Amino acid sequence: TRLSHMADTTAARGALRTYFGYDAFRPGQEGIVNAILDGRDVLGVMPTGAGKSVCYQIPAMLLPGVTVVVSPLISLMQDQVDALNDAGIPALFVNGTQTPDQQDLVLSMAANGQVKLLYVAPERLETQRFRNFASRTPISMVAVDEAHCVSQWGQDFRSSYLGIGEFIAGLPTRPTVAAFTATATERVRRDIIGILGLMNPQITVTGFDRTNLYFDILKLDTKEKAAWIARYVADHAAESGIVYCATRKETENLAASLNHSVPMLLDPTAAEGRVAVAYHGGMPSEVREQAQRDFVNDRVPVVVATNAFGMGIDKSNVRYVIHHNMPESIEAYYQEAGRAGRDGEASRCTLLWNESDIVTRRRLMDSDYENERLTPEEQEIVRQSKRRLLDGMVGYCRTTECLHDYMTRYFGEETAAHDGMCEGGCANCGRTFETVDATDVARAISMCVHDVNQKVGMGKIVKILRGSKAQDLAVWHPETMPTYGRLKDVPEARVRDVLNQMVADGFLHISEGRMPIVCFGARAAETVQPDFRYEMKRVARRPAGRRGESQAQARM
Ligand code: ADP
């Protein structure tokens, strides 16, 4: 097997060069390719643009038989197939835009071995025509793109994805199954493995760290945000930037305010000028498209947008992305902030936030979770998972740890330990904030989770640590526990804050389900090390007068 492994590796690199013209694999790609060539199922978790396609296209070229690629968007199939054909790879698609005769032609070519990659939408797998084809054609691999569409707990559930597992199970010979997604949620990943029926898959998470991006977090009062953004735009007048707002109205107000204040900051005698355009889903499409063209073609440096902006927009020289409000999840933040620096040049992502953003997000969440298709119990799970996503976002705002590490850890990618400044840089490694030591509280929490054998929720942990005599604790005999009352002098809110932050930073983990339980996270062992230190950002205390520059600079 070692020899065949080396042969695989050489063949895979050769194919990468011959067909795609690339000299080296990106991180993660080669491991996935080799696993597939060894006949092992894989789950590849990579962000959009990281290069998932070659992970199945190269094995498809090297394996005998045909690879069926399940892809959700018929509109993208033509482009993918054209690109492969240009590279000399025999690929075709079969879908409902073709006549039955055309479909038959494609399928018979595939059955005769004239096609290496056959692209289909999931609905196609259920048709009799396709089943007939599949029963008489050797299929070596089924590659499932956007695999998170199988999960009801993801953003883009597609019921037609539920049939993929059954299709695979019905094949005369089981092919290798390769699934790809950019989704971080544990629940969704579990669904992908379960619903697609992946067998002992190799799970690879990679490509999330964008080392050319500098991440920055600023806690600012709502009324200070516009002035800060105007100053930033004026100081970077030669650069392109995106400012994301939570609402349509905010985009229009902020764009107008920038057009008023930025020209004056640049030249006190100047009149209003066009510095920024607004962009949101409620604008007439001609106006919106014009705004997009003006920004993409550098006729206006700044677009102030809702999250409607970005899909399919290809502008590589965006030098900064500023968030005027906290997004709903790290996934959303990563995607929006990640539109900076596509050309690989150093770029900056700044998140402005304050506590009222959390309140707003919670309110939006409680109002929009209602969905008639779901039972009350399912609604509760959806609401819980949204709350969990928001907790991850709040954790990012409050963490004192490296922001690059925080984000890659969130997506499940292993990060290499580093002391001091991270690659690319971030405000936390720059240590531009004040901290308070929380080591003792963190250690006590961790010991308490051990005392209760990882069997209770956050409320009870807090009560035990604070020495509560509450009735519902009695069955646990808390007075026998070493940590009972250990934090009796620490305010409850503080214990909760530290516990929540420990979850966000990966020391603890809160289980999913109706009764969430606090358990140990991947980094729990660090809390018992003698040199363990845990810090929290100092909570902003309202200054008496106007904020000085130094205070506004402090990332709190
Ligand atoms: P994804 O499917 O993950 O969104 P793609 O497969 O479309 O990403 O790849 C994104 C881009 O990266 C494509 O232009 C692709 O050709 C390029 N790419 C992929 N792998 C490599 C590599 N090893 N070296 C250089 N470029 C690559």
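The written sequence of each chain sets the order in which its residues are numbered from 1. For this predicted model, a pLDDT threshold of at least 70 governs which residues receive local features, and a threshold of 80 or more governs which side-chain atom pairs are given and counted, while totals over whole chains, interfaces and linings are taken from all residues.

### A word on the nonpolar core
Then step 1. Only buried Ala, Val, Leu, Ile, Met, Phe, Trp, Tyr and Cys residues enter a nonpolar core, and they are joined through C-beta atoms within 7 Å. Here a residue counts as buried when 20 or more other C-beta atoms fall within 10 Å of its C-beta, as exposed when 12 or fewer do, and as partly exposed in between; the C-beta atoms come from the backbone. Counting 119 residues, the largest nonpolar core has L118, A179, L258, V303 and V304 as its most contacted members.
Then step 2. Within the second largest apolar cluster, 24 residues are counted, among which are A444, V462, I464 and L487.

### Some thoughts on helix α4 (residues 74-86)
Then step 1. The first and last C-alpha atoms of α4 sit 19 Å apart over 13 residues, in line with the 18 Å expected at 1.5 Å per residue.
Then step 2. Looking at α4, one finds that the buried residues are M77, V81 and L84. Buried positions in α4, seen along its axis, are confined to an arc of 65 degrees and lie on one side of it. Looking at α4, the residues exposed on the side facing more than 90 degrees away from the buried face are S75, D79, D82 and D86.
Then step 3. A residue pair is marked as a contact if its C-beta atoms, positioned from the backbone, fall within 7 Å. The way it works is that DSSP assigns letters per residue, a run of H or I at least four long becomes a helix, a run of E at least two long becomes a strand, and they are numbered from the N terminus. In this structure, the buried side of α4 is in contact with α3 (53-62), β3 (91-94) and β4 (117-120). Take the residue count of a helix, subtract one, and multiply by 1.5 Å to get its expected span. Our arc is simply the arc of the directions from the helix axis toward the C-beta atoms.

### A word on the packing of helix α5 (residues 100-111) against helix α6 (residues 128-136)
Then step 1. Only the contacting stretch of a helix is used when fitting its axis, a line to C-alpha atoms as for every element, and angles between N-to-C directions run 0 to 180 degrees. Across the interface, α5 lies against α6 with an axial gap of 10 Å and an inter-helix angle of 10 degrees. The angle between α5 and α6 places the two elements in the roughly parallel class. Within the contact between the two elements, α5 uses Q103, L107, A110 and A111 and α6 uses R129, F133 and R136.
Then step 2. Its residues assigned to classes, the contact of α5 with α6 shows four nonpolar, one polar and two charged. Roughly parallel means an angle under 35 degrees; roughly antiparallel, over 145; roughly perpendicular, 65 to 115; everything else is oblique. In this classification, Asp, Glu, Lys and Arg are treated as charged, Ala, Val, Leu, Ile, Met, Phe, Trp, Tyr, Cys and Pro as nonpolar, and every other residue, Gly included, as polar.

### Topic: the sheet that holds strand β11 (residues 302-305)
Then step 1. Two strands are counted as paired when DSSP detects at least two bridges linking them. With respect to topology, six strands assemble into an open sheet ordered β8-β13-β12-β9-β11-β10, the strand pairing being parallel. The sheet is open, and its two edges are formed by β8 (213-219) and β10 (276-279), each paired on a single side. Ignoring which end each strand starts from, the neighbouring axes of this sheet average 15 degrees apart.
Then step 2. Two elements, strand β12 (residues 318-323) and strand β13 (residues 347-353), share four bridges in a ladder whose sense is parallel. Its bridge partner lying in β13, Y320 is registered against R348.
Then step 3. Those strands touched by helix α10 (residues 248-266) are β9 (240-244), β10 and β11, and its axis lies near 175 degrees from that of β10.

### Regarding the sheet that holds strand β6 (residues 176-181)
Then step 1. Strand order in this open sheet of seven strands is β3-β4-β2-β5-β6-β1-β7, and the pairing throughout is parallel. The open sheet is flanked by β3 and β7 (202-205), the only strands paired with a single partner. Put simply, the sheet's adjacent strands are angled 20 degrees from each other on average, direction ignored.
Then step 2. Bridge analysis of strand β1 (residues 42-45) against β7 gives four bridges, and the strand direction is parallel. Each bridged residue has a counterpart across the sheet, and for L43 the counterpart in β7 is I203.
Then step 3. Relative to the sheet, α5 contacts β2 (66-70), β3 and β4, its axis offset from that of β3 by approximately 140 degrees.

### Things to note about the site of the ligand
Then step 1. The C-beta atom of each residue is placed using the backbone, and any residue whose C-beta lies within 6 Å of a molecule or strand is treated as near it. Close to the ligand lie Y22, F25, R26, Q29, M46, T48, G49, A50, G51, K52, S53 and V54.
Then step 2. For the shell around the ligand, the per-class residue count stands at five nonpolar, five polar and two charged.

### What to know about the packing of helix α16 (residues 439-451) against helix α17 (residues 458-465)
Each packed pair of helices is defined by two parameters, the angle between the axes and the distance between the axes.
Then step 1. The interhelical angle for the contact between α16 and α17, taken along N-to-C directions, is 110 degrees, at an axis separation of 10 Å. Considering their axes alone, α16 and α17 lie roughly perpendicular with respect to each other. Two packed elements cross with a definite hand, and for α16 against α17 that hand is right-handed. Residues A444, I445, C448 and V449 of α16 pack against I461, I464 and L465 of α17.
Then step 2. Across the contact of α16 with α17, the residue classes break down as seven nonpolar, no polar and no charged. We call a crossing left-handed when the near helix sits turned anticlockwise from the far one by less than a right angle, and right-handed when that turn is clockwise.

### Looking at helix α8 (residues 186-196)
Then step 1. Among the residues making up α8, those that are buried are V188, R189, D191, I192 and L196. Take α8 and look down its axis: the buried residues cluster within an arc of 155 degrees, on one side only.
Then step 2. At the exit of α8 stands G197, carrying a positive phi of roughly 70 degrees.

### Structural notes on unusual backbone geometry
Then step 1. Phi angles above zero are rare outside glycine, and D298 is one such case at about 60 degrees.
Then step 2. Of note, D298 is situated in the loop between α11 (285-296) and β11.
Then step 3. The class of D298 is exposed, set by 10 C-beta atoms lying within 10 Å.
Then step 4. Phi at H477 takes a positive value of approximately 45 degrees, unusual for a residue other than glycine.
Then step 5. The class for H477 is exposed, based on 9 C-beta atoms found within 10 Å.

Structural measurements only, silent on function.
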